[in-house]
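What follows is the residue order along each chain.
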Amino acid sequence: MTVLFIGGSRRKESLNAKLKHRLVEVAEKHGIQHKLLDADALDAPIYHGDLEEAEGVPESMQALAKAIDAADKVVLVSPEYNSSVSPLIKNAIDWVSRVDIGAWGNKTVLLAAASPGGLGGLRAVSHLRDILANVGAWTAPMCASCPKANDSAIASMDEEFLVNFLRQASN
């Protein structure tokens, strides 16, 4: 089983990037095979149908679609922007949905978020569930949320909980 970790923030000190790396650390410790994708891999022009018609799906999004398709599960770690989804992740979902291989179809997706606020990014997670359902993905019921996030809060997230989070829908 291979888990693909995707982060939705390009900020150097992103709490969500730190959460992604904490999840990767737990995966490594517990022998969960994984691939880590840097948020820069999500770089693409804002989805536009005319652009797609003129130039096709950007190579970066075709590569992302292949990586998603090859993984058994995807972990999306998304910041919350104005109570919703990171535009970087939303744009990547939109572009990947345009690739013929149907990478999102029946894909198991685990959602994680960190936020300095009290809800820990749960509003973004809620919106991601709706968006991903629309492209045919299945989102696991448990999410890894870190409210009032900072370096120590992320580092001290319960390891047993994180392992159970990562093992959702494992065969």
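Look a little higher up for the structure.
Residues numbered from 1 in each chain as written. Predicted model: local features only at pLDDT ≥ 70, side-chain atom pairs only at ≥ 80, totals over all residues. Heavy atoms only, no water.

## As for helix H3 (residues 59-70)
How we decide: Strands here mean DSSP runs of E at least two residues long; helices mean DSSP runs of H or I at least four residues long; both are numbered from the N terminus. Between the first and last residue of a helix there are one fewer steps than residues, each counted as 1.5 Å, and that sum is the expected span. Here's how the labels work: a residue is buried when its accessible area is under 20% of the maximum for its type, exposed when over 50%, partly exposed in between, all with a 1.4 Å probe on protein chains only. Starting at the helix axis, one direction is taken to each C-beta atom, and the arc is that of these directions. Any two residues having at least one pair of non-hydrogen atoms within 4.5 Å are treated as being in contact.
The terminal C-alpha atoms of H3, which comprises 12 residues, lie 17 Å apart, in line with the 16 Å expected from a rise of 1.5 Å per residue. For H3, every residue scored as buried is listed here: Met-61, Leu-64, Ala-65, Ala-67 and Ile-68. Take H3 and look down its axis: the buried residues cluster within an arc of 165 degrees, on one side only. Seen from the buried face of H3, the exposed residues on the opposite side, beyond 90 degrees, are Glu-59, Lys-66 and Ala-70. Check the buried side of H3 and you find it contacts strand E1 (2-7), strand E2 (33-37), strand E3 (73-77) and helix H4 (87-96).

## Notes on the nonpolar core
Heads up, the rule is: Think of a nonpolar core as a cluster: buried Ala, Val, Leu, Ile, Met, Phe, Trp, Tyr and Cys residues, connected wherever their side-chain atoms sit within 4.5 Å.
In this structure, Ile-6, Leu-64, Ile-68, Leu-76 and Leu-132 are the most contacted members of the largest nonpolar core, which totals 34 residues. Of all elements in the fold, only E1, H3, E3, H4, strand E6 (108-114) and helix H5 (122-134) reach the threshold of two or more residues within this core. When residues in this core are grouped by element, the largest group, 6 residues, is from H4. Every residue in contact with Leu-76, bar those within four places of it in the chain, is listed here: Ile-6, Ile-89, Ile-93, Val-109, Leu-110, Leu-111, Ala-112 and Leu-132.

## Details of empty space enclosed by the protein
For the record, the criterion: Buriedness of a pocket was judged along seven lines, with at least five required to meet protein on both sides within 12 Å; pockets are open sets of points on a 1 Å grid over the protein atoms alone, cavities are sets where a 1.4 Å probe fits but cannot get out, and lining residues have an atom within 4 Å of a point. Grid points are joined across faces, edges and corners, and a volume is the space filled by probe spheres set on the points.
Scanning all chains against the criterion turns up 1 cavity of 30 Å³ or more. Approximately 40 Å³ is the volume found for the largest cavity. The wall of the largest cavity is formed by Ile-6, Leu-42, Leu-64, Ile-68, Leu-76, Ile-89, Ala-92, Ile-93 and Trp-104. Counting residues per element, the ones that place at least two in the lining of the largest cavity are H3 and H4. Counting residues per element, the lining of the largest cavity draws most heavily on H4, which supplies 3 residues.

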